[in-house]
Structures are given as C-alpha cells and as structure tokens.
Amino acid sequence: MEKRYRLSFYGMVQGVGFRYTAMHAANMYRLTGYVKNEYDGSVTCEVQGDEEAIGSFVATISKGRFIDISGINKKVLEIIPDERSFEVRY
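Nothing here was measured: the structure is a model prediction, and the numbers come from that model.

### A short note on the pattern of salt bridges
Then step 1. Counted under the stated rule, the structure contains 4 salt bridges.
Then step 2. Taking the shortest distance from any N to any O, the salt bridge between E83 and R4 comes out at 2.6 Å. Of this pair, E83 sits in the loop between β4 (68–76) and β5 (86–89) while R4 sits in strand β1 (residues 2–12), and the two are 79 residues apart along the sequence. Each member of the pair E83 and R4 is classed as buried.
Then step 3. With a shortest N-O distance of 2.8 Å, E87 and R89 are connected by a salt bridge.
Then step 4. Judged by relative accessible area, E87 falls into the partly exposed class, the value being 35%.
Then step 5. Given a relative accessible area of 35%, R89 falls into the partly exposed group.
Then step 6. Three or more residues are tied together by salt bridges with common partners; here these are R4, R6, E46 and E83.

About the criteria used
Residues numbered from 1 in each chain as written. Predicted model: local features only at pLDDT ≥ 70, side-chain atom pairs only at ≥ 80, totals over all residues. Heavy atoms only, no water. Salt bridge = Lys/Arg side-chain N within 4 Å of Asp/Glu carboxyl O. Helix = DSSP H or I, 4+ residues; strand = E, 2+ residues; numbered from the N terminus. Buried < 20%, exposed > 50% of the residue type's maximum accessible area, 1.4 Å probe, protein only.

Below is the structure:
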C-alpha cells in the first residue's frame, strides 16, 4: 500500500553524503519525494511509495559510511498522485 511520510533525520546527517545516499536509495526502491538540508543541522525527507520499500530506504541510509542518525521524526502525509521522481532540494 502506498504511503507518504515526512521524515526528519537528526545526528551527523549533513556534510556526510546523506542527500546523495537518500537519492540513490529512493531510486533503488522506486520511491518519490525529496530530501533537503535544514538550517538546524537536520535533514528533511518526504518519501512516497510502498511502506516496505520506505522501511528499506531508511535502513539503507542508516548504513551510510559516515552517516550517524541519532533520531528520526516521522509524520504521515497525503499522497501526491502525480509525483514521478525523487530530488535533492537546496
């Protein structure tokens, strides 16, 4: 079943290849959405797709070589029906 979440990642998540890793993982699991750095040092990601694929997406990011996630906030969002890709936002 398709879901959409806003995930806020905390910890060592900026300057460690997090956004590139997220984009690669999203493409690997056929997810859509975006990822962007926030001014407070966190990273926000909206991700949409199969719930199991989203779980795999988070697990893949967590295994990133220099990434150290200390916490994740998760919020359920409305599906965006026409979204077709995953992008890095600045």
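That shown, we press on.
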